[in-house]
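# Structural overview for review
Here are the chains, one letter per residue:
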Amino acid sequence: MRGLPRWVLVPALLGALFVVVPVAATVARVELAPGPDGSGGLWALLTSPAALDALGLSVRTALAATVACVVLGTPMALVLARTTFPGQRVARALVLLPLVLPPVVGGIALLHTFGRRGLIGRHLEMLGVEIAFTTTAVVLAQTFVALPFLVLSLEGALRSQDTRLEDVAATLGARPTTVLRRVTLPRVLPGLLSGAVLAFARALGEFGATITFAGALQGVTQTLPLEIYLQRSADPDTAVALSFLLVVVAVLITAAVHGPRLLGGPGARSARPRRGGPDAPASRPLADAVPGVGADAPPGSGSGPAAPRAADPEPDATPAALAVRAVVPERGLDVDLAVAPGQVVAVLGENGAGKSTLVQVVAGLLAPGTTRGARVVVGDDDVTRAAPRRRRVAWLSQRPLLFENLTVEGNVAFGLRARGVPRARARRAARAALARVGAADLASRRATDLSGGQAQRVAIARALATDPRVLLLDEPLASLDVGVAQHVRSVLHHAQRERPRTTLLVTHDLLDVLLLADRVVVLADGRVVEDGPVDEVLTRPRSRFAARLAGVNLLAGSVAHVAAPEPALVPAAPGAPGAPGDGEGDDGAPDDEREVTVAVEGAAVRVRGTADEPLGVGDRAVAVFEPRAVAVHRTTPEGSPRNAYPVVVTSVEPHGPLLRVWARVAPPGSGDGPADPPTGVGHAAPHLAADLTPRSVAALRLAPGERVWFVVKAAEVRVYPR
Ligand SMILES: Nc1ncnc2c1ncn2[C@@H]1O[C@H](COP(=O)(O)OP(=O)(O)OP(=O)(O)O)[C@@H](O)[C@H]1O
């Protein structure tokens, strides 16, 4: 009752009574014992030939209708839940029409379709096939009214599932049919069972369509509801006894299917997605449950340039290069990227920059666009049009996305089995892959019974077990605690050292970049804005994102002034002071250093610094300086050569023994003190950091919204071309 008002109980109870009392009233009317003349009595009534005929017919036809509903309804639910096509809403409404149609209307519709003069019936009759008023007609009528129940139930279950598991299965090499059989359907089994039960119950109780389309011939079309209806006036006791029987049959069947749920069976998994009893039938590896799995993907059966081969558990070939040109306008992505064999490229960028979209394009989950030249090439194979399973590109996302219906070993062996590796060999390889990530002891665990770090290690083993040519790591450590992330990071590090793989690593974490990557690519608004070796990008960032990652301030803009002499235009005579090779310029700085002033984008300010690369007026440039080089003043500072910026403090946060004060450059306000309003600074304005001691922060009374001045000496600012 927690969180619910007590009055809710009253209508809830009334509703329950409304359902239960009529059933109880019927049951109360049942005469169990025979009358004084020896006639009647429940047993005699139920075992009369007419009752037995009706019961047998009802159960047989309802079962047949349920099978028909499963066979037809499952694909219908899949199409409705997993595809989009024009007129889908209309199609869905039509499929569900029997739910709202009076059954007798359904019977008439069936008669006009399958009757002797019906649309299809007249052709069937020419072939000597008659359907109306036969047992087949009963099954058709029951299927007609019961089908929407299965479709609705299964479609709901399918829609609530995370489709990325199917994407993972596809990238591991599974064919669509294998994905459906081993990933999709096992996960929606409870929904399928509920739908089948509902369909059976509906078929068992079907009356209107049956009597219209099939009539009431004892033993042929006279099902239990029809028998009850016919006996109602002729023999009310028999009608009551048969009604009782229908209630008992319905209750028994519902309990039979839903019962295991209460005992921790397959249904239990939907109620408790993370935990389940070890005896649950669905917890068996599906490889055991489905004989011959993988037989539809024999080794080397694929066609096309990147056809899969049976994965070798032993590391083999040299890593493949990756080239991707992707233009996906609806996601704002326009990227051209080439990755050397075995290189680990950290893909960085703000939220929404396009990192995951790039990864999806490489994995084959998203087309690279229709622009000329759009392509994905792995090694020598152009896989632009190849299905994910044919690319041998493994994809690891933020969530481990393990297959819940499989054990840990079953998960890791999945890709190998999907590629046709025999079961025993796949299991051996899976155990070896688990051992490599330090998870050998987890092999027989259920995938749902793992911690986040364990699950992610298993996911890594699963990705590596198929020996992918390219590894896509989309923030695989993002959802882990710091300690666990460190462990998983070192697992990845060792895996890469043991067997270098061409890798795209999407991350927001500096440690990932430092420990795992060789190169950094920064995306902004779907474009590559920075690309270079890790050390270069972190020491000389040219994008705001890289600067923030490296913990330095960056002001981007264009060169407004270069102090004479222009570096490249006025070369000094060899040997003369300031000439190349003499080691020093006029001011004691290295001779190729020049003072450069940059007009900053997004703020009406300039920054002066030194550049050691040739730069001319108008060139795009970035000015970089450390937060510890920034002094903070309450009033406008005097003196030169200094850069001074009016800023509004946005936050103060701990940074080792210091405090980092974040502030946005803002036009000088009406004075010192709090800005009005404090948030009135545009988000495009440069965001700068200053590292101060807690004492200084207290003395300056720095708090969000305060207007102060950030001051940095020109000698502390390095300017680089963009
Ligand atoms: N399924 C989708 N359908 C349509 N647009 C999408 C979809 N997923 C992402 N987008 C859009 O595509 C752009 C790039 O998104 P993407 O997820 O690739 O960014 P990201 O750099 O990975 O971001 P994050 O760091 O938040 O994961 C964003 O504008 C986003 O809103």
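Residues numbered from 1 in each chain as written. Predicted model: local features only at pLDDT ≥ 70, side-chain atom pairs only at ≥ 80, totals over all residues.

An unreviewed UniProt entry annotates the protein chain as Molybdate ABC transporter permease subunit originating from Cellulosimicrobium composti. As stated in UniProt under Sequence similarities (unreviewed entry), the record for the protein chain gives "Belongs to the binding-protein-dependent transport system permease family." (UniProt positions renumbered as here; feature names shortened; annotations may be inferred.)

So, on to the overall build of the protein chain. Per the secondary structure count, the protein chain includes 25 helices and 21 strands. Scored against the burial criterion, the 722 residues of the protein chain give a buried share of 44%. Summarising the internal contacts of the protein chain: among those between residues at least 6 apart in sequence, 71% fall at separations of at least 24. (Helix = DSSP H or I, 4+ residues; strand = E, 2+ residues; numbered from the N terminus. Buried ≥ 20, exposed ≤ 12 C-beta atoms within 10 Å, placed from the backbone. Contact = placed C-beta atoms within 7 Å.)

With that settled, consider the nonpolar core. Ranked by internal contacts, the top residues of the largest apolar core, which has 130 residues, are Val362 and Leu472. Among the elements that take part in this core, helix α20 (residues 452–465) stands out by supplying 8 residues, more than any other. Every residue in contact with Leu472, bar those within four places of it in the chain, is listed here: Val359, Val362, Ala363, Val393, Ala394, Trp395, Leu396 and Leu504. (Core = buried A, V, L, I, M, F, W, Y, C linked by C-beta atoms within 7 Å.)

Glancing now at the sheet that holds strand β1 (residues 322–328). Ordered by their spatial adjacency, 4 strands build an open sheet running β2-β1-β4-β5, and the pairing between neighbours is antiparallel. The sheet terminates laterally at β2 (333–339) and β5 (381–382), the two strands that pair on one side only. Pairing between β1 and strand β4 (residues 375–378): 4 bridges, direction antiparallel. Opposite Leu322, over in β4, you have Val378 as the bridge partner. The sheet contacts of helix α17 (residues 355–363) involve β1, β2 and β4, and relative to β1 the element is tilted by about 120°. (Pairing = 2+ DSSP bridges. Axes fitted to C-alpha atoms, helices over the stretch in contact; angles between N-to-C directions.)

Right, let's get into the site of the ligand. Near the ligand the following residues occur: Arg331, Gly332, Gly349, Asn351, Gly352, Ala353, Gly354, Lys355, Ser356 and Thr357. The dominant element in the shell around the ligand, judged by the number of residues it contributes, is α17, at 3 residues. A breakdown of the residues in the shell around the ligand according to their chemical character gives 1 nonpolar, 7 polar and 2 charged. (Near = placed C-beta within 6 Å. Nonpolar A, V, L, I, M, F, W, Y, C, P; charged D, E, K, R; others polar.)

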